[in-house]
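Working through the structure, step by step
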Amino acid sequence: FGHEPDTVVGLDLHDLHPPDDIEALLARTEQDAHDAVEVVGIRSDGSTFPVLVRTRFCRMQGRCVQISGYLDLAARKAEEAERASLEAQVRHVQKL
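Scope of this entry: the structure provided in the associated data block. (Residues numbered from 1 in each chain as written. Predicted model: local features only at pLDDT ≥ 70, side-chain atom pairs only at ≥ 80, totals over all residues. Heavy atoms only, no water.)

What the rule picks out here adds up to zero disulfides. For the unlinked cysteine Cys58, the closest cysteine sulfur is that of Cys64, found at 7.4 Å. (Disulfide = S-S within 2.5 Å.)

Printed below as a string of structure tokens:
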């Protein structure tokens, strides 16, 4: 997300995701779903990127807490797009 570590603590979901994606994340949390969900993240500079979020609940010091892991998918998506483009080029050349 591009935030300094000491500025991340206390950030709200609205600081990290667009409203539509917050609804999807909250719905997953309410369902206690353990599968990952792909949503859009908002970097500290305001740019957006695809991110995979997996949330779990656990007990910490006697309290139930939510822990979420985030995986930046931007590089993977770019590689997939490049691969699809190259495959399309190969198919085109093979038709010639």
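A few words now on the environment of Leu25. Following the sequence through the fold, Leu25 ends up in helix H3 (residues 19-30). Residue class for Leu25 comes out buried when judged on its relative accessible area of 6%. Apart from residues no more than four positions distant in its own chain, Leu25 is found in contact with Leu13, His17, Val37, Val39 and Val53. (Helix = DSSP H or I, 4+ residues; strand = E, 2+ residues; numbered from the N terminus. Buried < 20%, exposed > 50% of the residue type's maximum accessible area, 1.4 Å probe, protein only. Contact = heavy atoms within 4.5 Å.)

One ladder, built from six bridges, connects strand S1 (residues 37-42) with strand S2 (residues 48-60); its direction is antiparallel. Within S2, the residue paired with Glu38 across the bridge is Leu52. Hairpin geometry of S1 and S2 is characterised by an intervening segment of five residues between the two adjacent antiparallel strands and by a positive phi of about 95 degrees at Gly46. (Pairing = 2+ DSSP bridges.)

These figures capture arrangement, not role.
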